[in-house]
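Working through the structure, step by step
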Amino acid sequence: MLKKKLLFGLFISQLINLPVLSETNQEISIFKNNISFVKKEIYNNTKESKEIIIKDIPDALFGTISFLYDNGKIDSITSENFNVSEQTDVKNLTELIEANINKNIKLTLISGEVFEVKIHKIQGELIFCNHLNKSQDLVLNINSVKFVAFENNSYSSKINKENKKRVIKINSNDKPKKIDMIYMQKGLGWIPSYRLILEDKEKAKLTLEATLINDMENIENANVSLVIGYPNFIYSKYKSPFTSYDDLSWIFNDGSNYSYKKNYSYNMQNIAYQSISNNDESDSDNSISTQNEDLYFYKLPKKLSIKKSDRAIFELFSSQIEYQDIYEGELENNLNKYNYYDKQSVKNKNEPIKVWHSIRIKNSAKTPFTTAPVMVFKNDNNKLNPISQDIINYTSVGNKTKVKLTLSPDILIKETDKEISRRENIKLADGNFYKLVTIESKINIKNSLNKEIKLNLSKIIEGDLLESNKKTNSSVLNMYNNYFSYNKINKTEWEIPLKQDQSEEIVFKYSIYIR
């Protein structure tokens, strides 16, 4: 037993008085999903030592930690656990009393009784002590103590605790001078946000900022890149067994903890990964430019030093862009308007159609727009007025996306439907009899704005579009609405130019099978 204590004490002494090791030239790539890739160069500054001991090891993710070296041969790399006694601050009354064993203290109980005692030991919820006034031993329940007082305010607020300490040992007869340790770790991430300032007509300034959150470790003089794109880290939920304190029974718990599961519940919604812009429109032959296998890296211009738990904001780019005002209205679809067995085929609503004032912006930068919130301002004689907050979805280089600004109540839209014909008892392939109903729909529009606009209208139609008095852009979304339906699902769009105070009417017809 004495020999074990001596060996353990010798090891702790070695940890405290290690050969001089230096970790320099850190390289860190930070992803938006709270994961970072770290490369540390570890130098052995002593020629005699064949063993490198790394005390501060990372909380690496499963399958990501490796050790690279240019010359020589590594004989072994091991990760070892030791129990180390460390002083920590007391966190409760039990620990405070335990930290002051063999001291004279005054205990006031919940009952109001007061005891002047000398503490011998704490065992579970029991206090073993000696009553100083009566010279007798006492055993008190820790839960009965309300106050503690110390003579001359002489007390200790530190307690010794046994903690596990894991270190990495690298052994080599070739005495390597430098080893690169690479790994991925959680706790360091970044959140993007845009600032969009509308300036002159169809001109704007777009700025991308990054908020860096460091809950991982202290970082000193690191070369840092912020990454956008679609990272594929399928084991990012799990820790590396090489650096983890968990035992084998946890790691191989029914073979499920480290199994690959197609479960995306850990996604940090749109911003943490990416959301493709539904309005991604390209007018460029080189709309996609890739870098490092479709991931894009913003390298910070200066080396980064940031302490654990600190935050920082960096401007990644600022660029002049062009934009176009657009007004959009989405008409009510008729997917739930016709009950499958309902004889009443038309159900009108008197509610006006909402029209959004949006802008379409083009990505003329050298890298894609990452998914991020955008705060929109209007520059009015060098005074910034807030307009809206929306989201910019992932938009590839040369493509366009839309940003919503405000609702536009001065553009009035109302739609009415009426049945104009009905054919009964049409037998279709499933052997059932259907009715083929023809609907005429009228859309009345008025522009009460004090300017000329272009209004984009869209409608999802179940059935076959027969005719329209205005030019349409129609596409079939899917062949049938459900297994029992013979109706196509169409997305129909109109672009209507409107002058100030101008009114327009769109009339179109479509047919739909009902039972």
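A brief report on the enclosed structure follows. (Residues numbered from 1 in each chain as written. Predicted model: local features only at pLDDT ≥ 70, side-chain atom pairs only at ≥ 80, totals over all residues. Heavy atoms only, no water.)

This paragraph deals with the overall build of the chain. Summing up its helical and strand segments, the chain has four helices and 30 strands in all. Considering only contacts within the chain whose residues lie at least 6 apart along the sequence, 75% involve residues at least 24 apart. (Helix = DSSP H or I, 4+ residues; strand = E, 2+ residues; numbered from the N terminus. Contact = heavy atoms within 4.5 Å.)

Take the sheet that holds strand β11 (residues 158-171) next. Ordered in space as β3-β11-β5, the three strands form an open sheet in which the pairing is antiparallel. Single-partner strands in this sheet number two, and they are β3 (51-54) and β5 (76-89). Each neighbouring strand pair of the sheet contributes to a mean axis angle of 30°, computed without reference to strand direction. As defined by bridge partners, β5 adjoins β11 across 14 bridges and the pair is classed as antiparallel. Residue pairing in the sheet places Ser76 in a bridge with Asn171 of β11. (Pairing = 2+ DSSP bridges. Axes fitted to C-alpha atoms, helices over the stretch in contact; angles between N-to-C directions.)

Next up on the list: the pattern of salt bridges. Overall, the coordinates contain 14 salt bridges when judged by the stated rule. The partner of Arg195 in a salt bridge is Glu209, and the shortest N-O contact between them spans 3.2 Å. A residue pair is termed long-range when its members are at least 10 positions apart, and Arg195 in strand β13 (residues 188-198) and Glu209 in strand β14 (residues 203-214) qualify at 14 residues. Judged by its relative accessible area of 23%, Glu209 falls in the partly exposed class. Glu504 is the salt-bridge partner of Lys470, the closest N and O atoms lying 3.0 Å from each other. Taken as a pair, Lys470 in the loop between β27 (464-468) and β28 (473-478) and Glu504 in strand β30 (residues 503-514) lie far apart in primary sequence, 34 residues in all. Here Lys470 falls in the partly exposed class, since its relative accessible area comes to 25%. Taking relative accessible area as the criterion, Glu504 reaches 21% and is therefore assigned partly exposed. (Salt bridge = Lys/Arg side-chain N within 4 Å of Asp/Glu carboxyl O. Buried < 20%, exposed > 50% of the residue type's maximum accessible area, 1.4 Å probe, protein only.)

This part covers the environment of Asp310. Structurally, Asp310 is set in the loop between β18 (304-306) and β19 (311-330). With relative accessibility at 35%, the residue Asp310 sits in the partly exposed group. Taking C-alpha positions, Asp310 is 6.7 Å from Ile213, a pair spaced 97 residues apart along the chain. If near-sequence neighbours (up to four positions away) are discounted, Asp310 is found in contact with Leu212, Ile213 and Asn214.

Not every positive phi belongs to a glycine, and Asn221 is a case in point at roughly 50°. Since its relative accessible area comes to 46%, Asn221 is described here as partly exposed. The phi angle at Asp501 is positive, at roughly 65°, despite the residue not being glycine.

Turning to the side chain of Thr64, a few remarks are in order. Residue position: Thr64 is located in the loop between β3 and β4 (66-68). A polar atom in the side chain of Thr64 sits 2.8 Å from the backbone oxygen of Leu61. When neighbours within four sequence positions are excluded, Thr64 is seen to be in contact with Ile182, Tyr183 and Met184. (Polar contact = N/O pair within 3.5 Å; in protein donor to acceptor, adjacent residues only side chain to side chain.)

Applying the stated criterion across every chain, the model contains eleven aromatic pairs. Both rings, one in Tyr434 and one in Tyr486, keep their centres 5.6 Å apart while their planes meet at 85°; by these two values the pair is edge-to-face. Separated by 52 residues along the polypeptide, Tyr434 in strand β25 (residues 433-447) and Tyr486 in the loop between β28 and β29 (489-498) bring together distant segments of the chain. Their ring planes at 45° and their centres at 5.2 Å tell us that Trp494 and Phe508 sit as a pair that is tilted. With Trp494 in strand β29 and Phe508 in strand β30, the pair connects residues that are 14 residues apart, well separated along the chain. According to the relative accessible area criterion, Phe508 is buried, its value standing at 0%. Connected via pairs of aromatic rings, a cluster forms that spans Phe62, Tyr235 and Tyr238. (Phe/Tyr/Trp six-rings, centres within 6.5 Å; stacked < 30°, edge-to-face > 60°.)

Spatially, the four strands line up as an open sheet ordered β24-β25-β30-β27, and their pairing is antiparallel. Looking at which strands have only one partner, the edges of the open sheet turn out to be β24 (411-427) and β27. Strand after strand, the sheet turns through a mean of 20° between neighbouring axes, direction not considered. Sheet topology note: the β24/β25 ladder contains 14 bridges and is antiparallel. Looking across to β25, one finds that Leu412 is bridged to Lys446.

Interpretation in functional terms is not warranted from these geometric data alone.
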